[in-house]
Amino acid sequence: MSSPIQAVRGMHDILPPSADDGKGFRSSHFQFVEDTVRHWLESYGYQEIRVPIVEDTALFKRSIGEVTDIVEKEMYTFADRNGDSLTLRPEGTAGVVRAAIEHSALRQSSHRWWYAGPMFRHERPQRGRYRQFTQIGVEAFGMPGPDIDAEVILLTARLWKALGLHHVALQINNLGSADARARFREALTEYLRAHEPQLDEDSRRRLGTNPLRILDSKNPQVQAVVERGPTLLEFLDAQSKIHFDGLQKLLDLAGIVYEINPRLVRGLDYYTGTVFEWVTTRLGAQGTVCAGGRYDGLVAQLGGPATPAIGFAMGVERLVELVKEEQRMPTDPVPHAYCVAVGDEPAAQAMTLTEQLRAAVAGLRVTLHCGGGSFKSQVKRADKSGAPLALVMGESEVERGEVGVKFLREERPQIAVARAEIAQWLADWLVQHG
Ligand code: HAM
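Okay, so let's go over this structure. This one's a predicted model, so the numbers in the text were calculated from it and none came from an experiment.

Criteria and thresholds
- Counting restarts for each chain, with residues numbered from 1 along the sequence as it is written.
- In keeping with the predicted nature of the model, local features appear solely for residues at pLDDT of at least 70, side-chain atom pairs appear and are counted solely at 80 or more, and the whole-chain, interface and lining totals rest on all residues.
- Note that water and hydrogens are dropped before the side-chain values are worked out from all heavy atoms of the structure.
- Residues enter a nonpolar core if they are buried and are Ala, Val, Leu, Ile, Met, Phe, Trp, Tyr or Cys, with the set joined through side-chain atoms within 4.5 Å.
- Type-normalised accessible area, obtained with a 1.4 Å probe on protein chains alone, sets the label of each residue: buried when under 20%, exposed when over 50%, and partly exposed for intermediate values.
- The way it works is that DSSP assigns letters per residue, a run of H or I at least four long becomes a helix, a run of E at least two long becomes a strand, and they are numbered from the N terminus.
- Contacts are residue-level and defined by heavy atoms, with any inter-residue pair within 4.5 Å sufficient.
- For Phe, Tyr and Trp, where Trp contributes only its six-membered ring, two rings pair if their centres lie within 6.5 Å, and the inter-plane angle classes them as stacked under 30 degrees, edge-to-face over 60, or tilted in between.
- Only when the NZ atom of a Lys or the CZ atom of an Arg is both within 6 Å of the ring centre and within 35 degrees of the ring normal do we say a charge sits over the ring.
- A molecule or strand has a residue near it when one of that residue's heavy atoms lies within 4 Å.
- As used in this structure description, the phrase polar contact means that two N or O atoms lie within 3.5 Å; if the pair is within protein, one of them must be able to donate a hydrogen and the other to accept it, and residues adjacent in sequence are counted only when both atoms belong to side chains.
- Residue polarity is assigned by list, with Asp, Glu, Lys and Arg as charged and Ala, Val, Leu, Ile, Met, Phe, Trp, Tyr, Cys and Pro as nonpolar; anything else, Gly included, falls into the polar class.
- The rule for a salt bridge is simple: a side-chain nitrogen of Lys or Arg has to be within 4 Å of a carboxyl oxygen of Asp or Glu.
- Strands are treated as partners if at least two bridges between them are detected by DSSP.
- Where helices are involved, their axes are fitted lines through C-alpha atoms of the stretch in contact, as for all axes, and angles between N-to-C directions lie from 0 to 180°.

1. Remarks on the nonpolar core
And then number 1: Core analysis: the biggest nonpolar cluster contains 92 residues, and Ile153, Trp160 and Trp278 have the highest contact counts within it.
And then number 2: Among the elements that line this core, the one with the most residues is helix α5 (residues 146-162), at 8 residues.
And then number 3: In this structure Trp278 touches Ile153, Thr156, Ala157, Trp160, Val168, Ala169, Leu170, Gly287, Thr288, Val289 and Cys290, once residues within four positions along its chain are discounted.
And then number 4: Within the second largest apolar cluster, 21 residues are counted, among which are Cys339, Leu353, Leu357 and Ile422.

2. Remarks on the packing of aromatic side chains
And then number 1: All chains considered together, the criterion is met by 10 aromatic pairs.
And then number 2: Their ring planes at 85° and their centres at 6.3 Å tell us that Phe141 and Tyr295 sit as a pair that is edge-to-face. Taken together, the residues span a long stretch of sequence, with Phe141 in strand β8 (residues 132-141) and Tyr295 in the loop between β12 (288-294) and α10 (298-301) at a distance of 154 residues. There is no split in this pair, since Phe141 and Tyr295 are both buried.
And then number 3: Directly above the aromatic system of Phe407 lies the positively charged group of Arg412, at a separation of 3.9 Å from the ring centroid.

3. Some thoughts on the site of the ligand
And then number 1: Around the ligand sit 27 residues, and of these Glu91, Glu123, Glu139, Arg266 and Tyr271 come closest.
And then number 2: The separation between a nitrogen atom of the ligand and a polar side-chain atom of Tyr270 is 3.0 Å.
And then number 3: Between the ligand and the protein, one listed contact pairs a nitrogen atom with a side-chain N or O atom of Tyr271 at 2.6 Å.
And then number 4: Counting only elements with at least two residues in the shell around the ligand, the list comes to β8, β12 and β13 (309-315).
And then number 5: For the shell around the ligand, the residue count by class is 12 nonpolar, 8 polar and 7 charged.

4. Section: the pattern of salt bridges
And then number 1: In the structure shown here, the tally under the stated rule is 24 salt bridges.
And then number 2: In this structure, the salt-bridge partner of Glu151 is Arg112, at a minimum N-O distance of 3.1 Å. Of this pair, Glu151 sits in helix α5 while Arg112 sits in strand β7 (residues 111-120); the two residues are 39 residues apart in sequence, bridging distant segments of the chain.
And then number 3: Two residues, Arg266 and Glu277, come together in a salt bridge whose shortest N-O distance is 3.0 Å. Within this pair, whereas Arg266 is found in the loop between β10 (258-260) and β11 (274-279), its partner Glu277 is found in strand β11, the two being separated by 11 residues in sequence. The pair formed by Arg266 and Glu277 is uniform in burial state, with each residue classed as buried.

5. Brief notes about the side chain of Ser28
And then number 1: You can see Ser28 is positioned in helix α1 (residues 27-43).
And then number 2: Setting aside residues up to four positions removed in sequence, Ser28 forms contacts with Pro17 and Asp332.

6. Brief notes about helix α11 (residues 316-325)
And then number 1: The element α11 is largely enclosed, with a buried count of 8 among its 10 residues.
And then number 2: Among all positions in α11, only Val316, Glu317, Arg318, Leu319, Val320, Glu321, Leu322 and Val323 are buried.
And then number 3: Positioned one or two residues after α11, Gln327 has a phi angle of 55°, which is positive.

7. A closer look at the sheet that holds strand β16 (residues 389-393)
And then number 1: With mixed pairing, 5 strands are arranged side by side in an open sheet as β15-β14-β16-β17-β18. Every other strand in the sheet has two partners, leaving β15 (366-368) and β18 (415-418) as the edge strands with one partner each. When strand polarity is set aside, the average angle formed by the axes of neighbouring strands in this sheet is 30°.
And then number 2: Of the strand pairs in this sheet, strand β14 (residues 337-341) and β15 are connected by 3 bridges, and their pairing is parallel. Bridge assignment links Ala337 to a residue of β15, and that residue is Val366.
And then number 3: On the sheet, helix α13 (residues 375-384) packs against β14, β16 and β17 (402-407) and is oriented at approximately 170° with respect to β14.

8. A few points about the environment of Ser18
And then number 1: Position of Ser18 among the secondary structure elements: in the loop between β1 (14-15) and β2 (25-26).
And then number 2: For Ser18, a relative accessible area of 75% translates into the label exposed.
And then number 3: In this structure, the C-alpha to C-alpha distance between Ser18 and Lys73, residues 55 residues apart in sequence, is 37 Å.

9. Section: the side chain of His336
And then number 1: If you trace the backbone, His336 turns up in the loop between α11 and β14.
And then number 2: A residue is classified by how much of its surface remains accessible, and His336, at 6% relative accessible area, is buried.

10. What about the sheet that holds β11?
And then number 1: Reading across from one edge, β3-β7-β8-β13-β12-β11-β9-β10 is the order of the 8 strands in this open sheet, with mixed pairing throughout. Sheet topology places β3 (47-48) and β10 at the edges, where each strand pairs with a single neighbour.
And then number 2: Judged from the 7 bridges that link them, β8 and β13 form a sheet pairing that is antiparallel. Residue pairing across strands places Ile136 opposite Met314, the latter belonging to β13.
And then number 3: The sheet strands contacting α5 are β7, β8, β9 (169-174), β11, β12 and β13, and the helix crosses β13 at an angle near 20°.
And then number 4: Together, β9, β10, β11 and β12 form the strand contacts of helix α9 (residues 238-253), whose direction differs from that of β9 by roughly 160°.

11. Here we look at the pairing of β7
Successive side chains on a regular strand alternate, one facing one side of the sheet and the next facing the other.
And then number 1: The buried fraction of β7 is high, at 7 of 10 residues.
And then number 2: The pairing of β3 with β7 spans 2 bridges and is parallel. Directly across from Gln47, in β7, lies its bridge partner Trp113.
And then number 3: Pairing of β7 with β8 involves 10 bridges; the strand directions are antiparallel. Paired with Trp114 across the two strands is Val138, which belongs to β8.

Here it is in structure tokens:
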């Protein structure tokens, strides 16, 4: 016998509640988060876009940036059978922008779009960090002012409320114009060169390629050096300052609490101006549950018409963990009734009955026992299903035109209900027990 094959490291199954062994994720938890988010996105006017999971490798290199962790070390890149270099998407923005340009959607109007699905990054797996993970993201095109920045942040704040989350904090920053960033980059490089012996190998390498990324190094010694260095905000151009002030005013007005983090630079090169992250301390090291910002230059950079844009993405696994951690996850739905039937004729009638009941009683969840077995073993299954009621069909019920109703969670004797009245009986029961 060969040994069973396991899932790829860092990639996980999302299991139905009945198979959840406590080691993985549960599909109903994902549904709760995804349904809640979808509901609120639609209420703000966002429309869904679905783009392929695989794109031309050049798309990610050109948008995320050649000298980023994602492009340098984390992409799942492979040669297609005809030799083209393809990559499993590590994030959603690049593909959405490609699609917007390809379908000429950016000529005049503005758009609010959302997407959900798996992303792939070859990172070192740990709690909250996976090689295949799920993002829900939004991208808003054609709106240059701080109003849309504020709206996407308000939208995320509303989502946390709807999901029952209290322990997430907002950090914001402004990366300034390309000019301001270039001036800052020069000052930062000069400062860091003077402190090069205190930097680690990774940061020293970045000094020549992408010094801004040193700002969010996790190494405490590097952090200490960075703390004393110049900050982006000191270099902000007038236009970006006005934009940033405008955003803060709108957030204040809405009562959103935030921290300005001048070292927040984000790990993808396409950002310009506003950037933000929602962070929690409840999930260990991987505490960023949602992150995004403006990318006013990306559409033109990828060959489309110059279009201001902003977006964010949230990590669904991290949100699911957080909702569980804060004990806000609703319990899984169980069937209201489980129908047991012994004998060929009762079993055939039970199938017709359950079909009729599902059509007649709105919202009723009824499971039909399939696979035969004794009355005792079927009732055991009914009990295990979590259903409060068992509907019993035996030879005598068929003869009398009745259905037996057994109360599985109450000390109450079984009753018989006329077949013609069982739908109404269940509808009344649902109103009372819901
Ligand atoms: P990101 O910061 O790379 O941004 O990812 C967004 C979120 O995805 C993170 O805050 C985190 O919750 C989740 N995430 C990222 N990597 C992993 C991983 N390995 N395992 C589990 N969760 C992860 C973006 O992807 C941008 N495209 C966001 C954006 C959209 N900016 C503008 N529009």
